[in-house]
Amino acid sequence: MAPGGGPSGRALPARPAEQGTPAPDCALHRRLHLPLDAADLVAVGAVRSRLRAALDQWGVPELADTAELLTSELVTNALLHTGQGAVFDAVLTADLRLRIEVQDGTARLPRRRDPVAEYATSGRGLLLVEALADDWGVQLRGDGKVTWFELAYS
């Protein structure tokens, strides 16, 4: 018998619980994982859209606006300033705390910059993360770093 298949080796039809309808109290099913290619800035919009849909499915659509904005900043920074791809992860914990992580392949730490001018088009990303997230930080890893933030649902 083939793994995951019936006696003939063909896949068995999925049971309803396996069709992407997670139990609302199951934290394992409240996870979104997306690998991103280097310099693929078009993917930023797709990440925002997938995140908004996931938050709606998880029952916390009120977190979407802030989560999308801060996610855009972290993903864009990773793709623009590292020259490599990135990995996006979102997890909603059982206590309704949303954690977003963006992993990239460089150990160069992000730095908060003061925008040069009132109408500057860049330089505000980490200022926004610092102002709007309940918590945030950077963790160095052997293969790069993870920049993360958390939002609490209240």
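Residues numbered from 1 in each chain as written. Predicted model: local features only at pLDDT ≥ 70, side-chain atom pairs only at ≥ 80, totals over all residues. Heavy atoms only, no water.

## Focus on the side chain of Thr82
Turning to its location among the elements, Thr82 is positioned in helix H2 (residues 64-82). Of the polar contacts made by the side chain of Thr82, one reaches the backbone oxygen of Ala78; its length is 2.4 Å. Setting aside residues up to four positions removed in sequence, Thr82 forms contacts with Asn77, Asp104, Thr106, Arg108 and Lys145. (Helix = DSSP H or I, 4+ residues; strand = E, 2+ residues; numbered from the N terminus. Polar contact = N/O pair within 3.5 Å; in protein donor to acceptor, adjacent residues only side chain to side chain. Contact = heavy atoms within 4.5 Å.)

## What about the packing of aromatic side chains?
In the structure shown here, the tally under the stated rule is zero aromatic pairs. Sitting over the face of the ring of Trp148, Arg99 holds its NZ or CZ atom 4.1 Å from the ring centroid. (Phe/Tyr/Trp six-rings, centres within 6.5 Å; stacked < 30°, edge-to-face > 60°. Lys NZ or Arg CZ within 6 Å of the ring centre and 35° of its normal.)

## Quick notes on the sheet that holds strand S1 (residues 31-36)
Within a sheet, adjacent strands bond to each other through the backbone by hydrogen bonds, running parallel or antiparallel. Spatially, the five strands line up as an open sheet ordered S1-S2-S3-S5-S4, and their pairing is antiparallel. Strands with a single pairing partner mark the edges of an open sheet, and in this sheet they are S1 and strand S4 (135-141). Between one strand axis and the next, the sheet turns through 15° on average, direction left out of account. Examined bridge by bridge, strand S2 (residues 86-92) and strand S3 (residues 97-104) share seven bridges and lie antiparallel to one another. (Pairing = 2+ DSSP bridges. Axes fitted to C-alpha atoms, helices over the stretch in contact; angles between N-to-C directions.)

## Re a nonpolar patch on the surface
Together, Leu109, Val138 and Leu140 give the surface a local cluster of nonpolar side chains, amounting to about 270 Å² of exposed area. Inspection of the secondary structure assignment puts Leu140 in strand S4. Using a relative accessible area of 55% as the deciding quantity, one classes Leu140 as exposed. (Patch = residues over 30% accessible without salt bridge, like charges linked within 9 Å, V, L, I, M, F, W, Y side chains within 5 Å. Areas by Shrake-Rupley, 256 points an atom, 1.4 Å probe, with all protein chains shown as cover. Salt bridge = Lys/Arg side-chain N within 4 Å of Asp/Glu carboxyl O. Buried < 20%, exposed > 50% of the residue type's maximum accessible area, 1.4 Å probe, protein only.)

## Thoughts on the nonpolar core
In terms of nonpolar packing, the biggest core is built from 31 residues, with Leu55, Trp58, Phe88 and Leu98 touching the most fellow members. At the level of elements, S1, helix H1 (43-57), H2, S2, S3, helix H3 (125-132) and strand S5 (144-152) are the ones that each hand at least two residues to this core. With seven residues, H2 is the single largest residue contributor to this core. (Core = buried A, V, L, I, M, F, W, Y, C linked by side-chain atoms within 4.5 Å.)

## Comments concerning H3
Listing the buried residues of H3 in full gives Gly125, Leu126 and Val129. Projected down its long axis, H3 carries its buried residues within an arc of 90°, all on one side. Elements in contact with the buried residues of H3: H2, S4 and S5. (Arc of directions from axis to C-beta.)

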